[in-house]
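What follows is the residue order along each chain.
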Amino acid sequence: MKKYFPTVFIVILSFILLVGCGQTEVKNNEASTNVEQETKVDDKAESSFPVTITDGLGNDVTIEEEPQAIVSLIPSNTEIAFALGLGDKMVGVGDWADYPPEVADIARVGGTEFNVEKVISLNPDVVLAHASSAHSSTEGLQQLRDAGINVVVVNNATSFKAVYDSIKMIGVVTGTEENADKIISDMTEKLNLIKEKSAEIKEADQKVVWIEISQAPDLFTTGKGTFMHEMLEAIGAKNAAGDQEGWPQFTEEDAVLLKPDVIVITYGYYVDNAVDQVLARDAWQEVPAVKNKLVFDINSNLVTRSGPRLIEGVEELAKAVYPDIYQ
């Protein structure tokens, strides 16, 4: 099994994960998802202002008044903000924001290298940044702070618990904590229902799933310390690469040896006929998933974007792997 990250894959993975939310930062061939960041919110913080939180970088941030104008630099924060009912307060979003549809009418402020001048011109009360990309925009974020703008760096969530922390943090700093609690409660309830069903699946009947986030010849999958691994555990499936960490690369020969029962790909949005291409691989014809035509394409944003729709990703994954149980 190869252990290096070719340049092309790094570009692809960075794009997928930044579009998804910045869930994982790949650095020196290690996944930063292996360490869950703790987000501390003042126990006394309520919807009344001022409120003080410790953000995803460990900075204490005090919001004096309820924000009326908000800029979100990354799609996951944008989705959370809209779910919290803050759509009418969003004055700027990152270039990759694509959900909900209303974001199409909001000013764009750039991608990883956001436009500082554009953000400042929008006069936001709060800018929602993200720990996964903060390392590449340190100077820009400081310029925003120097301009008197509150910058809240949301934690780099790699688990459902951490996602709940992210939602809670944004709820506290925007005065929508009650809405945040409701979203978290709904997500928890749905996830628990799925786990209740998965508990009934006998170990001998658990399916081995290969999740492919980059097509051949650069086959990359998901290991421990990622959302996708936690999702597979939640639905009662086994991760074919569950003994690996982060985002391991496999040779085609090694991947075939895993003999997955189901193959899930997440790149169908930019590769034509992606499922058919997997089914046509010569070396995979005896792999159970290919032999039985159990290859599925799932919306990447639903399984990488750390926001309220993450539970939809679990549901889609569950129905693909165990249609008789979860339909």
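Just above, that's the structure.
The rules behind these values
Every chain's residues receive numbers from 1 upward, in the order its sequence appears when written. A pLDDT threshold of at least 70 governs which residues receive local features in this predicted model, and a stricter bar of 80 or more applies before side-chain atom pairs are shown or counted, although totals over entire chains, interfaces and linings include all residues. In computing side-chain values, all of the structure's heavy atoms are included and hydrogens and water are not. Put simply, a salt bridge is a Lys or Arg side-chain nitrogen that is within 4 Å of an Asp or Glu carboxyl oxygen. Put simply, DSSP H or I for four residues or longer makes a helix, DSSP E for two residues or longer makes a strand, and each gets a number counted from the N terminus. Buried, partly exposed and exposed residues are distinguished by accessible area as a fraction of the type maximum, computed with a 1.4 Å probe on protein chains only: under 20%, between the cut-offs, and over 50%, respectively. A 3.5 Å cut-off defines polar contacts: any pair of N or O atoms within that distance qualifies, except that in protein one atom must be a possible hydrogen donor and the other a possible acceptor, and neighbouring residues in sequence count only when both atoms are side-chain atoms. At least two bridges found by DSSP between two strands are what make those strands a pair. Two residues form a contact once any of their heavy atoms are found within 4.5 Å. All axes are obtained by fitting lines to C-alpha atoms, using only the stretch in contact for helices, and the reported angles, taken between N-to-C directions, cover 0 to 180 degrees.

K.L.:
Explain the pattern of salt bridges here, please?
P.N.:
Pairs can form between side chains of opposite charge whenever their charged atoms are close. For the structure shown, the criterion picks out 12 salt bridges. Between K89 and E66 there is a salt bridge, with the nearest N and O atoms lying 3.0 Å from each other. One end of the pair, K89, is in the loop between α2 (75-83) and β7 (90-93); the other, E66, is in the loop between β5 (60-63) and β6 (70-72), and 23 residues separate them in sequence. The residue D181 makes a salt bridge to K168 at a minimum N-O spacing of 2.7 Å. Taken together, the residues span a long stretch of sequence, with D181 in helix α7 (residues 177-198) and K168 in helix α6 (residues 160-174) at a distance of 13 residues. Looking at D181, the relative accessible area reads 37%, which means it is partly exposed. K168 sits in the partly exposed class, given a relative accessible area of 21%. By sharing partners, the salt bridges in this structure join E79, D98, R305 and R309 into a single network.

K.L.:
In this structure, what is going on with the environment of T52? I would like to understand it.
P.N.:
Mapping T52 onto the fold places it in strand β4 (residues 51-54). On the basis of relative accessible area, T52 is assigned to the partly exposed category, the value being 29%. With 12 residues separating them along the chain, T52 and E64 place their C-alpha atoms 8.6 Å apart. A distance of 2.8 Å separates the side chain of T52 from the side chain of T62, its partner in a polar contact.

K.L.:
Mind showing me how you'd approach the sheet that holds strand β8 (residues 107-108) here?
P.N.:
Within a sheet, neighbouring strands are paired by backbone hydrogen bonds and run either parallel or antiparallel to one another. Reading across from one edge, β8-β7-β6-β9-β10 is the order of the five strands in this open sheet, with parallel pairing throughout. A single partner strand is all that each edge strand has here, and the edge strands are β8 and β10 (150-154). Bridge analysis of strand β9 (residues 126-130) against β10 gives five bridges, and the strand direction is parallel. Each residue of the ladder has a partner; that of H130, found in β10, is V154. Along the sheet, α2 contacts β6, β7, β9 and β10; its crossing angle with β9, the most-contacted strand, is approximately 130°. Lying on the sheet, helix α5 (residues 138-146) is in contact with β9 and β10; it crosses β10 at an angle near 145°.

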